[in-house]
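Residue-level structure breakdown
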Amino acid sequence: MILGELQSLSAAGLPPVLLDALTLALAVDVQNNAPGHYVLKGDDLFMNVMQFATQPPQEKKAELHECYIDIQLLLAGEERIFFGLAGSARQCEDVHVEEDYQLCSEIADEQVVTLKPGMFAVFMPGEPHKPGCVVSAPGEIKKVVVKIRASLLHA
């Protein structure tokens, strides 16, 4: 997991592919986009804009991806994201290959980070993460999840 802020994006130390993906998403005025799916570069790079109420972590499941890197960028509100190292997901359901996700009920040695607007967290394939969790009380958040095909890191 990589954690950063937009205000210091150039100093975040992101690999060029991730920096370019985040820059491209920001260039389409993501802050003002309605919730939905937006294609940036075909199947290799797209984003999902979301707006929803945070929930208690015990009411949510962690997600895992095999093919895509997630950049979770918070636009409004605040959220906690529970996460773990690759291989720490437990009690996992079937893999949804077409949508590149798997849900899991537990993360061994779970960690947590609190995002505020302008902060982002990058999750690599295999790193379980449970976004959209309550900080102190349920509240509305708006975020964008930029999805980058992981193989682009090695291209």
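You'll find the structure just up there.
Below is a short write-up of the structure. For clarity, every value in this text was computed on a predicted model and none was experimentally measured.

Cut-offs and rules
- Residues numbered from 1 in each chain as written.
- Predicted model: local features only at pLDDT ≥ 70, side-chain atom pairs only at ≥ 80, totals over all residues.
- Heavy atoms only, no water.
- Disulfide = S-S within 2.5 Å.
- Helix = DSSP H or I, 4+ residues; strand = E, 2+ residues; numbered from the N terminus.
- Buried < 20%, exposed > 50% of the residue type's maximum accessible area, 1.4 Å probe, protein only.
- Pairing = 2+ DSSP bridges.
- Axes fitted to C-alpha atoms, helices over the stretch in contact; angles between N-to-C directions.
- Contact = heavy atoms within 4.5 Å.
- Phe/Tyr/Trp six-rings, centres within 6.5 Å; stacked < 30°, edge-to-face > 60°.
- Lys NZ or Arg CZ within 6 Å of the ring centre and 35° of its normal.
- 1 Å grid on protein atoms, 1.4 Å probe; cavity = no way out; pocket = protein on both sides within 12 Å on 5 of 7 lines; lining within 4 Å.
- Points joined across faces, edges and corners; volume = space filled by probe spheres on them.

According to the stated counting rule, one finds one disulfide in the structure shown. In this model, Cys92 is linked to Cys104 through a disulfide, with the two sulfur atoms separated by 2.1 Å. Residues Cys92 and Cys104 are joined through a disulfide that is right-handed, its torsion about the S-S bond being 105 degrees. Placement of the pair is Cys92 in strand S7 (residues 89-92) and Cys104 in strand S8 (residues 102-107), with a sequence separation of twelve residues. With a relative accessible area of 34%, Cys92 lands in the partly exposed category. The buried category is assigned to Cys104, whose relative accessible area is 1%. Left unpaired, Cys67 is separated from the closest cysteine sulfur, that of Cys104, by 15 Å. The class of Cys67 is partly exposed, set by a relative accessible area of 37%.

This paragraph deals with the sheet that holds strand S1 (residues 2-5). In any sheet, the strands associate via hydrogen bonds between backbone groups, in a parallel or an antiparallel arrangement. Spatial ordering of the open sheet is given by S1-S10-S5-S12-S3-S2, a layout of six strands whose pairing is antiparallel. On the outer flanks of this sheet lie S1 and strand S2 (36-41), each paired with one strand and no other. Neighbour-to-neighbour, the strand axes of this sheet turn through a mean angle of 20 degrees, independent of strand direction. Taken together, the five bridges between S2 and strand S3 (residues 45-53) define a ladder with antiparallel strand orientation. Note on S3: the bridge partner recorded for Lys41 is Leu45. Against the sheet, helix H1 (residues 16-27) makes contact with S2, S3, strand S5 (68-76), strand S10 (119-123) and strand S12 (140-149), and its axis sits at roughly 135 degrees relative to S12, the strand it touches most.

Attention shifts here to the environment of Val145. Within the element layout of this structure, Val145 appears in strand S12. For Val145, a relative accessible area of 4% translates into the label buried. C-alpha separation for the pair Val145 and Met47, spaced 98 residues apart in sequence, amounts to 5.4 Å. If sequence neighbours within four positions are ignored, Val145 has contacts with Phe46, Met47, Asn48, Met50, Asp70, Ile71 and Gln72.

Glancing now at the packing of aromatic side chains. All told, the structure shown has two aromatic pairs when counted by the stated rule. With 5.4 Å between their ring centres and 65 degrees between their planes, Phe46 and Tyr68 make a pair best called edge-to-face. Residue Phe46 is found in strand S3, and its partner Tyr68 is found in strand S5; the two are separated by 22 residues along the sequence. Centroid distance Phe83 to Phe123: 6.1 Å. Interplanar angle 55 degrees. Geometry classified as tilted. Here Phe123 lies in strand S10 and Phe83 lies in strand S6 (residues 79-83), a separation of 40 residues in the sequence. There is no split in this pair, since Phe83 and Phe123 are both buried. Across from the ring centre of Phe82, 5.7 Å away, lies the NZ or CZ of Lys130, which sits over that ring.

One number sums up the size of the largest pocket: a volume of about 450 Å³. In terms of lining residues, the largest pocket is bounded by 24 residues, among which Asn48, Glu63, His65, Tyr101 and Lys147 are the most central. Looking at the lining of the largest pocket, the elements that each hand over two or more residues are S3, S5 and S12.

As a further point, take the pairing of S5. Put simply, side chains in a regular strand alternate between the two faces of the sheet. Among the nine residues that make up S5, eight are buried, leaving the element largely enclosed by the rest of the structure. Here S5 runs beside S12; their pairing, made up of eight bridges, is antiparallel. Each residue of the ladder has a partner; that of Ala76, found in S12, is Lys142. Pairing geometry for S5 and S10, over four bridges, is antiparallel. The residue of S10 that forms the bridge with Asp70 is Phe123.

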